[in-house]
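# Architecture and fold: a report
So the chains spell out like this:
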Amino acid sequence: GKDPGAISPYNGVKEKDIVLDVALNIRDLLEKAGVNVFMTREKDIFVPLDARADIANNTRSNLFVSIHADACDHEGVAGVEVFYGEDWPESNIDTATRAYYLAGKMDLNHFVAEGKFPSYSPRQEAFFFRLMLKEANRESKKLAKMMVKRLAEGLNTENRGIKTKNLRVIRRSACPAI
């Protein structure tokens with residue numbers, strides 16, 4: 001699409017050319033293992049950030065993974081790092097995500113055992129919504145720790161650790177997201 005992503009200052013490689021290929025290969029591996037995978041894109045097109053999170057929310061996904069290949073001006077910097085949402089301050093609940101839920105476009109039944117969600121007041125629903133997002137962030141942090149370790153070992157590269165960042169696709173996702 002129109003956004004090339006990061007571009008290496010050393011060899012001109014564009015992020016979009018790497019991550020789509022990686023994502024398609026990961027999709028194939030996961031599907032062979034029996035995982036149901038939803039992609040935000042399967043060809044070189046631009047998908048806005050909000051639309052990416054909306055895909056995860058609309059498909060009632062259990063996990064959202066956004067794959068990137070960052071560039072750095074320092075030649076010696078290498079390795080993998082995994083981001084998750086900030087340790088859950090109230091401000092990290094994206095207002096658009098909250099509005100999305102309150103407009104009835106996000107169903108909490110997906111996140112409640114046996115799909116049984118009694119009728120609660122808006123205040124009670126807001127409490128459960130915050131609780132759900134806080135739990136999703138806890139799961140994101142656990143997954144980030146496991147993922148960065150496995151990536152570093154599997155790629156035989158430096159483990160640059162997990163990091164928090166208030167990234168739009170992460171804060172707009174109601175499921176664990178890295």
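Note that the structure is a prediction, hence the values are computed from the model and not measured.

Glancing now at the pattern of salt bridges. Counted by the stated rule, this structure contains 10 salt bridges. Across the pair D44 and K16 runs a salt bridge whose closest N-O atoms are separated by 3.1 Å. Residue D44 is located in the loop between α1 (15-32) and α2 (49-58), and its partner K16 is located in helix α1; the two are separated by 28 residues in the primary sequence. For D44, a relative accessible area of 41% corresponds to the partly exposed category. The shortest N-O distance in the salt bridge between R27 and D28 comes to 2.9 Å. Taking relative accessible area as the criterion, D28 reaches 32% and is therefore assigned partly exposed.

As a further point, take the nonpolar core. V80, V82, Y84, L143, A144, V148, A152 and I178 form the largest nonpolar core, which has eight residues in total. Put simply, the parts of the chain that give this core at least two residues each are β1 (80-84) and α4 (122-155). Among the elements that line this core, the one with the most residues is α4, at four residues. Non-local contacts of V80, meaning those with residues more than four positions away in its chain, are made with V148, L151, A152, L155, T157, E158, N159, R160 and G161. One finds A56, I170, C175 and A177 within the second-largest nonpolar core, a separate group that totals six residues.

For an α-helix, 3.6 residues make a turn, and residues three or four places apart therefore share a direction. An ideal rise of 1.5 Å per residue puts 26 Å on 18 residues; α1 measures up with 26 Å between its terminal C-alpha atoms. Taken from the residues just after α1, G34 is the one with a positive phi, measuring 90°.

Rules used in this analysis
Residues numbered from 1 in each chain as written. Predicted model: local features only at pLDDT ≥ 70, side-chain atom pairs only at ≥ 80, totals over all residues. Heavy atoms only, no water. Salt bridge = Lys/Arg side-chain N within 4 Å of Asp/Glu carboxyl O. Helix = DSSP H or I, 4+ residues; strand = E, 2+ residues; numbered from the N terminus. Buried < 20%, exposed > 50% of the residue type's maximum accessible area, 1.4 Å probe, protein only. Core = buried A, V, L, I, M, F, W, Y, C linked by side-chain atoms within 4.5 Å. Contact = heavy atoms within 4.5 Å. Expected span 1.5 Å × (residues − 1).

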